Amino acid sequence: IVNVYRRTDDELLSHVDAYRLGNAAEFEMMDIEEMQISGPLIIEWAPKILQSLPNEYLYIKFEHIDEESRQLNIKSIGKQYQLLLENYQQKIMGGR
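Cut-offs used in this document
- Residues numbered from 1 in each chain as written.
- Predicted model: local features only at pLDDT ≥ 70, side-chain atom pairs only at ≥ 80, totals over all residues.
- Heavy atoms only, no water.
- Pairing = 2+ DSSP bridges.
- Helix = DSSP H or I, 4+ residues; strand = E, 2+ residues; numbered from the N terminus.
- Axes fitted to C-alpha atoms, helices over the stretch in contact; angles between N-to-C directions.
- Salt bridge = Lys/Arg side-chain N within 4 Å of Asp/Glu carboxyl O.
- Buried < 20%, exposed > 50% of the residue type's maximum accessible area, 1.4 Å probe, protein only.
- Core = buried A, V, L, I, M, F, W, Y, C linked by side-chain atoms within 4.5 Å.
- Contact = heavy atoms within 4.5 Å.

Draft legend 1. Here's a closer look at the sheet that holds strand S2 (residues 12-17). If you trace the three strands from one edge of the open sheet to the other, you get S1-S2-S3, paired in mixed fashion. Bordering the open sheet on either side are strand S1 (2-6) and strand S3 (41-44), each of which pairs with just one other strand. Taking each pair of neighbouring strands and ignoring which way they run, the sheet shows an average axis angle of 15 degrees. The pairing of S1 with S2 spans five bridges and is classified as antiparallel.

Below you can see the structure in the form of structure tokens.
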């Protein structure tokens, strides 16, 4: 359900597979705050535990285009991630 990976900068990246959780209460019993302090936290199948997510986060949805193509849709929830997303757009996409 949870995998933790050490990144090249020695910080941790945590991955939670919410699909395998029975309910949101199981997610709430995990030490999510510690995972967030240690580094990025990625939650797969997040809609299954939507009511238990932090107040601010990035929602990234992968859409299947064809056998070799995917489209990423990124939505910010909260001011912190809105600023992060705007900065990303400015640097990568010329501010679209």
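Draft legend 2. Region of the structure containing unusual backbone geometry. Positive phi values are uncommon outside glycine, yet Asp10 reaches one of about 75 degrees. Here Asp10 lies in the loop between S1 and S2. A positive phi angle, close to 65 degrees, is found at Trp45, a residue other than glycine. Tracing the sequence through the fold places Trp45 in the loop between S3 and strand S4 (57-66).

Draft legend 3. Structural view of the pattern of salt bridges. Scanning the entire structure with this criterion turns up one salt bridge. Of the charged contacts in the structure, one is a salt bridge between Asp9 and Arg7, with a shortest N-O distance of 2.5 Å. A relative accessible area of 29% places Arg7 in the partly exposed class.

Draft legend 4. Representation of the pairing of S2 within the structure. In textbook terms, the turn of a hairpin is the stretch between consecutive antiparallel strands, and for S1 and S2 this stretch comprises five residues, one of which, Asp10, has a positive phi near 75 degrees. Note: S2 against S3, four bridges, orientation parallel. Looking at S3, one finds that Ser14 is bridged to Leu41.

Draft legend 5. Local environment of the nonpolar core. Of all hydrophobic cores here, the largest spans 13 residues; its most connected members are Val16, Leu21, Phe27, Met30, Ile43, Ile49 and Leu53. Broken down by secondary-structure element, the contributors of at least two residues to this core are helix H1 (24-29) and helix H2 (32-38). Those residues in contact with Leu53, other than ones at most four positions away along the chain, are Ile43 and Ala46.

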